[in-house]
Amino acid sequence: MPEYKYLPGFGSEFVSEHPNYPDALPKGQNTPQKCAYGLYAEQLNGAAFTAPRIENFRTWFYRIRPSAVHKPFQPYNGAKFLSNNWDEVPPNPNQLRWNPFDIPGEKIDFVDGLHTVCGAGDAKSRHGIAIHIYMCNSSMENRAFYNSDGDLLIVPQEGALDIVTEFGRIYVEPNEICVIQQGMRFAVNVTGPTRGYICEVYNGHFKIPDLGPIGANGLAFPRDFLTPTAWFEDRDVENFQVISKFQGSLFSASQNHSSFDVVAWHGNYVPYKYNLANFMVINSVSFDHCDPSIFTVLTCPSLRPGTAICDFVIFPPRWSVQENTFRPPYYHRNCMSEFMGLIQGRYEAKEGGFFPGGATLHSIMTPHGPDYDCFDQASNAKLEPQRIAEGTQSFMFESSLSMATTKWGQETCNKLDQQYYECWQKLKNNFRISSYGRAVMLDV
Ligand SMILES: O=C(O)Cc1cc(O)ccc1O
Ligand SMILES: [Fe+2]
């Protein structure tokens, strides 16, 4: 694993200068008449200039060439299954479960390996969500990608991502996540078959949720978020491709140098990674199953109070101790969409059928919950303190938007489990009436 240096913190003002270039950052100002070492100053804004201070995000880069030095963008047709068309197939209110998606055998990199499963909304009006599966096996060579449409929350499932960004380098392994925000240029290096999940949000940015009565500490700690430190290459390349996703379509522009030429930067608009093992799990220690919002790592809020464009929720290893309680997830119908993925291990509500690298989608008001085996077992289990398996990690992207599946998600991927509904069919009527005409409790 490469030994990259990171800056800890979330939402902080960071400062980073390549160690060999002291004073590359101007002192006390952002745009001196001439920058040190002949660098150019360039600002990247992730919020309106006039946004309130608490959510005003921007970074100043000191780079070898401004990003504007490139030839015109042309349409790029590499990522065949990237989509933002939510009307490709008729709506489907069924419970959906996908078997693990196949990583292609032929050479394919991170950008070309973006496959959109579902989504909603519109990048032009800056409101929406898209869920992609990335599957690749080779590194991005002489190309950088950036997303004009929103932020990318990347959840590796198989294979590590060695990511070069304008801010420096980040190494992200399964059970870690990273967020690369709108407009940030990056390139992904991999060493073999690689797969993971991406939640793209067109609105605002992810933040750590408020803690309310939990207090000042709990869930994801700000200091466990890691931002890269300045790293650059001064590399002339005949045809370096900058690929942009703009209004849902990809475009490519050629330039004669690497995009990763930032010698120093400062700001609060940054990429970051987080190790899910650092999450402090909070749960009921008396009775009942808490709502999964207690497991929220990051949330991208909508303008409606408490209602997310995406909550990123995890189901980590933990103790389960509730008394007189059906401990697995309850049966559920929700005004939110629930997309789940499995990084490793098993998911407690479905011991069979939901595999690492697969997914489920329970859409708005689509009923779901424990399968028959889980219900049967958990209704009769002895309620001792129980460790929910080590090495397990599933997650949910929960959205207030009503997501539609793409043609790839519904048909082309050929991974939909047509038998998924069967897992609930054995749940029988346990209702009994006593001789006095009252309902009675029975052992199920
Ligand atoms: O399995 C699911 O659907 C996710 C989920 C988990 C949980 O603990 C409670 C409700 C819920 O929707
Ligand atoms: Fe649910």
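By the naming in an unreviewed UniProt entry, the protein goes by Homogentisate 1,2-dioxygenase and is assigned to Chironomus riparius. Note on the protein: under the UniProt heading Cofactor (unreviewed entry), the record states "Fe cation".

Asks: Talk me through the coordination of the iron ion (ligand 2); I want residue IDs and the actual numbers.
Replies: For a metal bound by four donors in a tetrahedral arrangement, the ideal donor-metal-donor angle is 109.5 degrees, while six donors in an octahedral arrangement ideally sit at 90 or 180 degrees. Of the protein atoms, only H332 (ND1), E338 (OE), E338 (OE) and H368 (NE2) coordinate the iron ion (ligand 2), at distances of 2.0 to 2.3 Å. Around the iron ion (ligand 2) sit 6 donor atoms; with metal-centred angles ranging over 58 to 151°, the donor geometry is irregular. Between the donor residues of the iron ion (ligand 2), the gaps in sequence give the motif H-x5-E-x29-H.

Asks: Hey, could you go over the UniProt feature "domain: Homogentisate 1,2-dioxygenase N-terminal" (unreviewed entry) in the protein for me, with residue numbers and the actual values?
Replies: Taking the UniProt record as the reference, the feature "domain: Homogentisate 1,2-dioxygenase N-terminal" (unreviewed entry) is found at residues 5-276. Overall, residues 5-276 shows 0% helix and 43% strand. The separation of its end C-alpha atoms is 19 Å.

Asks: If you had to explain the environment of D162 to someone new, which residues and values would you point to?
Replies: The topology assignment puts D162 in strand β11 (residues 161-165). Separated by 158 residues in sequence, D162 and Y4 have C-alpha atoms that sit 10 Å apart. Look past the residues within four positions of D162 in its chain and what remains in contact with it is P2, Y4, R169, I170, Y171, A187, V188 and N189. A distance of 2.8 Å separates the side chain of D162 from the side chain of Y4, its partner in a polar contact.

Asks: For the site of ligand 1, give the residues involved together with the corresponding values.
Replies: Around ligand 1, the surrounding shell consists of H289, P292, F315, P329, Y330, H332, E338, M340, Y347, H368 and M396. Residue E338 places a side-chain N or O atom 2.8 Å away from an oxygen atom belonging to ligand 1. Protein contacts shield 97% of the accessible area of ligand 1, which totals 310 Å² for the unbound molecule. Across the shell around ligand 1, the residue classes tally to 7 nonpolar, 3 polar and 1 charged.

Asks: Go over the sheet that holds strand β27 (residues 393-399), please, and point to the residues and values.
Replies: Spatial ordering of the open sheet is given by β6-β25-β24-β27-β22-β21, a layout of 6 strands whose pairing is antiparallel. The sheet terminates laterally at β6 (96-98) and β21 (296-301), the two strands that pair on one side only. Pairwise comparison of adjacent strand axes, ignoring direction, gives a mean angle of 15° for this sheet. The pairing of β6 with strand β25 (residues 359-362) spans 3 bridges and is classified as antiparallel. Along β25, the bridge assignment pairs W98 with A359.

Asks: A description of the sheet that holds strand β4 (residues 58-63) should follow, citing residues and the corresponding values.
Replies: On the basis of which strands lie adjacent, the open sheet formed by 4 strands has the order β2-β19-β4-β3 and antiparallel pairing. Because the sheet does not close on itself, it has two edges, and the strands there are β2 (14-17) and β3 (40-45). Strand-to-strand twist of the sheet, defined as the mean angle between neighbouring strand axes without regard to direction, takes the value 20°. Inspection of the sheet shows β4 paired to strand β19 (residues 262-267) by 5 bridges, in the antiparallel sense.

Asks: Residues and numbers for the UniProt feature "domain: Homogentisate 1,2-dioxygenase C-terminal" (unreviewed entry) in the protein, please.
Replies: The positions that UniProt labels "domain: Homogentisate 1,2-dioxygenase C-terminal" (unreviewed entry) are, in the present scheme, residues 278-431. Along residues 278-431, the helical share is 10% and the strand share 27%, with 44 Å between the first and last C-alpha atoms.

Asks: Run through the packing of aromatic side chains, naming residues and quoting values.
Replies: How two aromatic rings sit relative to each other is given by the distance of their centres and the angle of their planes. Counting across every chain of the model gives 29 aromatic pairs. Note on F61 and F167: the rings are 5.0 Å apart at their centroids and 65° apart in plane angle, and the pair reads as edge-to-face. With F61 in strand β4 and F167 in the loop between β11 and β12 (168-172), this pair connects stretches of sequence that are 106 residues apart. Residue F167 is classed as buried on the basis of its relative accessible area, which comes to 0%. Measuring from centroid to centroid gives 6.1 Å for Y331 and F375, while their planes differ by 50°, and the two rings are tilted. Pair noted here: Y331 is in the loop between β23 (318-320) and β24 (337-344) and F375 is in helix α1 (residues 372-380), with a separation of 44 residues, a long-range link. You can call Y331 partly exposed: its relative accessible area is 38%. By the ring-pair criterion, three or more aromatic residues cluster together here, those being W98, F101, Y197, F312, F339, F395, F397 and W408. Taking NZ or CZ as reference, R63 lies 5.3 Å from the ring centre of F61, over its face.

Conventions we followed
Residues numbered from 1 in each chain as written. Chains lettered and ligands numbered in written order. Predicted model: local features only at pLDDT ≥ 70, side-chain atom pairs only at ≥ 80, totals over all residues. Heavy atoms only, no water. UniProt positions renumbered as here; feature names shortened; annotations may be inferred. Donors = N, O, S within 2.8 Å, 3.2 Å for Na, K, Ca; no water. Tetrahedral: all angles 85-135°; square planar, octahedral: opposite > 155°, others 65-115°. Helix = DSSP H or I, 4+ residues; strand = E, 2+ residues; numbered from the N terminus. Contact = heavy atoms within 4.5 Å. Polar contact = N/O pair within 3.5 Å; in protein donor to acceptor, adjacent residues only side chain to side chain. Near = heavy atom within 4 Å. Areas by Shrake-Rupley, 256 points an atom, 1.4 Å probe, with all protein chains shown as cover. Nonpolar A, V, L, I, M, F, W, Y, C, P; charged D, E, K, R; others polar. Pairing = 2+ DSSP bridges. Axes fitted to C-alpha atoms, helices over the stretch in contact; angles between N-to-C directions. Phe/Tyr/Trp six-rings, centres within 6.5 Å; stacked < 30°, edge-to-face > 60°. Buried < 20%, exposed > 50% of the residue type's maximum accessible area, 1.4 Å probe, protein only. Lys NZ or Arg CZ within 6 Å of the ring centre and 35° of its normal.

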